[in-house]
Amino acid sequence: MSLVLVTKREALVLADPRRSADRAGEHLLHRHFTADELPRLRVQIEECAAWAGLCEARRGDFVLAVDEIANNAIEHAGGTGSLLLRRIGDELECRISDSGPGFSEDVIPRILPGLDGATSGRGLWLTQLVTDRLAISAGTMGAVVTLAMRLR
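Residues numbered from 1 in each chain as written. Predicted model: local features only at pLDDT ≥ 70, side-chain atom pairs only at ≥ 80, totals over all residues. Heavy atoms only, no water.

Chemist: Residues and numbers for the pattern of salt bridges, please.
Modeler: Within this structure, the stated rule accounts for 9 salt bridges. Among the salt bridges present, the one from Arg31 reaches Glu37, with a minimum N-O distance of 3.8 Å. Classification of Arg31 as buried rests on a relative accessible area of 1%. In this structure Glu37 comes out as buried when scored by relative accessible area, which is 12%. Two residues, Glu93 and Arg86, come together in a salt bridge whose shortest N-O distance is 2.8 Å. Residue class for Glu93 comes out buried when judged on its relative accessible area of 4%. On the basis of relative accessible area, Arg86 is assigned to the buried category, the value being 11%. Shared partners join several salt bridges into a network, and the residues in it are Arg86, Glu91, Glu93, Arg95 and Arg133. (Salt bridge = Lys/Arg side-chain N within 4 Å of Asp/Glu carboxyl O. Buried < 20%, exposed > 50% of the residue type's maximum accessible area, 1.4 Å probe, protein only.)

Printed below as a string of structure tokens:
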């Protein structure tokens, strides 16, 4: 296992799953983010996904999906978000929450946005396409988007 050094500002929590495994899964990354931190967040997601065992062929899709949802939180929900990445059984799950107006799964386009005249929704459409599980729910404030991929 390698040691990852981070700044206190990143509010990053990396946990040794041998010590943190519980019914909620193995917490790999938990942090708040803003637009300036998205490039570093992508790197951290890639590193954690590799460490958790997500195959290389699907890792890029997972990072892309997380990035799309994180960008949505920045763009549509006040400029910040919170991310929790964990391994639960044979899945890698990412939960992104924000304090925006919230939305439901009904806003996910059925066909590629642009083909039907829609000007938004590509990120959600793409995320639904490449992940094994996508759920959207209302949080205490804003939305909570959970996406997951099977590790094997």
